[in-house]
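Reading the structure
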Amino acid sequence: MKRTIIPIGPYHPLQEEAGFFQLQVEGEKVLDIDVDLGYNHRGIEKICEARTFDQIPFVVERICGICSTSHPLAYVQAVEEIARVQVPERALYIRTIIAELERLHSHLLWLGLAGHFIGYNTVFMWAWRYREPVLDIMEEMTGNRQNYAMMKIGGVRRDILEQDLPKIRKMAEDLRPVLDMFVGAVMDDPVIHARTKGVGVLTPEDARRYGAVGPTARASGLAIDVRKDDPYAAYDRLDWKVITGESGDVFAKAAVRLLEIAESIKIVLQCLDQMKPGEIDTKVKEIPPGEGIGRVEAPRGETFHYVRSDGSNRPVRHKVRAPSYVNVPTFKATCIGQTVSDATIILAAVDPCYSCTERMAVVDAGAGKRPVEQYDLVAVSQREGQKMLRSLAGKVAQTTLEKKLAEGYRRIGWKAC
Amino acid sequence: MSPLWMAFLILVFPGFAFTFAFAMAFAWIDRKVTARVQWRVGPPFLQPIYDFVKLLGKEVIVPLGGAKVLFLLAPLLGLSAATLASTLVWQANLWPRPGRGFVGDLIVAVYLLTIPSLSVILGGFASNNRVASLGSSREMKMILSYELPFIVALIVPIVNAGGSIRLGEILLGQSAVSHPSGILAFIAAILCMQAKLGLVPFDAAEAETELMSGPFVEYSGAPLAAIRLTRSMMLFVMPVFLITVFWGGITTEGGVLSVIVGSLKVLLLLVIVILLRNTSPRIRIDQAIRFFWGPFVTGMAVLAVVLSLLGA
């Protein structure tokens, strides 16, 4: 049989964002798969290096709309490590509540999308309907449904008002019967079993090999969770457990996420009980030279931020690694050999976040290949630069042009090639 | 039968115009009930007509390298088959005298009801798009899987009506639902109807999130409007066909009351279709084949035939 390529992307109903999965298929069977990212690279890390420490939470919050508290939390933890700040107790609890509410709405969002991807639009609509109260509470507490702007270096920006506490408690308790309904509707449906059980199995060995994190790894039986392994915020003072699956298939990933919703509700309710009035912010004045890391268990897995400071008011290096960056490649282990129908739900089961995973991609159109080493990149850049200058300059004499180019290269320390 | 009368039957009543109006109404019921099930508001009553008219005004794009004539003809083929099927079935319902119709109009109706699916396959392959081809090949497998139990289930009313293959006589001669064999065959046929309509859980051919609507991916403008209209017409014709052969049809004999009862039967089938499509995920094409050829559908249909031959 002839191999054909079934494109999923760059724009496709399966994805909310731009990403390009090419399935090489023989009939319905997927033989190989290739992924292209980089359709919407925004250069966040570089932008951060040109902003002051206090401005950066605003920027990293916009890496991803769904994990919009995990990124700033990881960043402020990295900076707090440099500045050796002791964050007030109440602020830690508020951070925990916001992070868990985010997990709640993110997992409900995934549940709805997963339903949509296997053609079960009723689950899609219902899951998103029950996600609304979570967003309403967020709006009431922080002023925003997304991008809450709660994290700042040394604490949080807003206190949770006493009058909001009963509302949060009610929302969390109302979510429990809803969760039971979804567990019943999803976990006991024979057709969903047929579509998800034994489909896209990620073995624990593969999960380790690809460095999978979050629910993707936990569904394969790896009990890794930053909240337990390297506790931050108030997680070490609370009673909750890490949910793991066994089979590593799509069903296990759905089950892990559903059960994590229950754990999140538990965590939020405990935080509300334990929280005591007090300061929510330490006034951090100076960030000394040094480097720090922040790790946060985002809904999709571990978010990692690295910040290096040279004592000025802005970082000299800021590195972000979002969970989808390591989770997405696991489809190499899970998709191949499955059918096209299954490939889509397998791709969706890792809950890929394209905006977090976005990396710069350079295509050398002239040579028809992708430069991978720095030297290749420099060569492409020089060639294109010369071309551009020539077309722009028009009447400028050739020698002047070349002189200008040589000067430009000298300034940035490149040798013309 | 004069040609003029024939043209009236096919184009106006109970053919195209009549079927068009009810197809739009049924499409609206489908969308509205679906929306209510999903906690949405749903569209206004005339929305399907707005959509249809708007699509007619859009540019028609024929893909490069596609078989142009076939690509544009396939939707028309499906549309005319659905219209004719509706005419045949309604004729049997409106004037259910034994001599009415012609011998074998049941078989013609079954053929006509298959043509919309075939036209989907033709259009998909003619569009020279790999996604459409994959969708067409899925549609082909789907036809193979559901036609077998569907035909087997249709044997039951024929046997119960004393071996007649005239729709009018089947309608008159049967009281199928009172037979256990008729009920079994009816259930099998309802499941096949869901697949014939290409609705969830049997919509693998057009699977939006996998194949971006499969065979229809290249269609735009008027041909797409024709395809949509065909599907809405099938949503109307299939329930009517099923109650005609299995459940006494919509007769005018008993006056207004029997028309109301008949209409309720059709609406009940429509609601079953809508609920089925909103309470299950899409199944894979291999699972669909296993389902239809397995004991639950084909087995049930065969059992029904055996029972009907035994007189039950």
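Quick notes on the rules
Residues numbered from 1 in each chain as written. Chains lettered and ligands numbered in written order. Predicted model: local features only at pLDDT ≥ 70, side-chain atom pairs only at ≥ 80, totals over all residues. Heavy atoms only, no water. Helix = DSSP H or I, 4+ residues; strand = E, 2+ residues; numbered from the N terminus. Expected span 1.5 Å × (residues − 1). Buried < 20%, exposed > 50% of the residue type's maximum accessible area, 1.4 Å probe, protein only. Contact = heavy atoms within 4.5 Å. 1 Å grid on protein atoms, 1.4 Å probe; cavity = no way out; pocket = protein on both sides within 12 Å on 5 of 7 lines; lining within 4 Å. Points joined across faces, edges and corners; volume = space filled by probe spheres on them. Nonpolar A, V, L, I, M, F, W, Y, C, P; charged D, E, K, R; others polar. Domains from an automatic or database assignment. Salt bridge = Lys/Arg side-chain N within 4 Å of Asp/Glu carboxyl O.

So, about helix α2 (residues 16-37) of chain B. All names here are of chain B. The first and last C-alpha atoms of α2 sit 31 Å apart over 22 residues, in line with the 32 Å expected at 1.5 Å per residue. Regarding α2, the residues found buried are Phe 18, Thr 19, Phe 20, Ala 23, Met 24, Ala 25, Phe 26, Ala 27, Ile 29, Asp 30, Thr 34 and Ala 35. Packed against the buried residues of α2 are α3 (47-56), α4 (68-94), α10 (221-246) and α11 (256-278). Following α2 by one or two positions, Trp 39 has its phi on the positive side, about 60 degrees.

So, about the layout of surface pockets. The volume enclosed by the largest pocket comes to roughly 1300 Å³. Put simply, the parts of the chain that give the lining of the largest pocket at least two residues each are α5 (121-142) of chain A together with α2, α3, α10 and α11 of chain B. Per-class residue counts for the lining of the largest pocket are 18 nonpolar, ten polar and eleven charged. In terms of lining, the second largest pocket is formed by 29 residues, of which the most central are A:His41, A:Thr357, A:Glu358, A:Arg359 and A:Met360. Contributing elements (two or more residues each) for the lining of the second largest pocket: β3 (29-36), α1 (44-49), β8 (315-321), α12 (324-327) and α15 (354-357) of chain A. Split by residue class, the lining of the second largest pocket holds 13 nonpolar, five polar and eleven charged. Here the lining of the second largest pocket spans two domains, since at least three of its residues come from each of domain 1 (1-39 + 362-417) and domain 2 (44-323) of chain A.

What follows concerns the pattern of salt bridges. This structure, assessed with the given rule, holds 38 salt bridges over all chains. Close ionic contact of A:Lys46 with A:Glu49 constitutes a salt bridge, the shortest N to O distance being 3.5 Å. Of the two residues, A:Lys46 and A:Glu49 both sit in helix α1, three residues apart, roughly one turn of that helix. Overall, A:Lys46 belongs to the exposed group, its relative accessible area being 61%. B:Glu147 is the partner of B:Lys196 in a salt bridge, and the nearest nitrogen-oxygen pair spans 2.5 Å. Here the residue B:Lys196 occupies a position in helix α8 (residues 180-196), and B:Glu147 occupies one in helix α6 (residues 130-160), the gap between them amounting to 49 residues. A relative accessible area of 6% means that B:Lys196 is categorised as buried. On the accessibility criterion, B:Glu147 (12% relative accessible area) is buried. Here the salt bridges share partners, and the residues they tie into one network are A:Glu100, A:Arg103, A:Arg218, A:Asp225, A:Arg227, A:Glu260 and A:Glu297.

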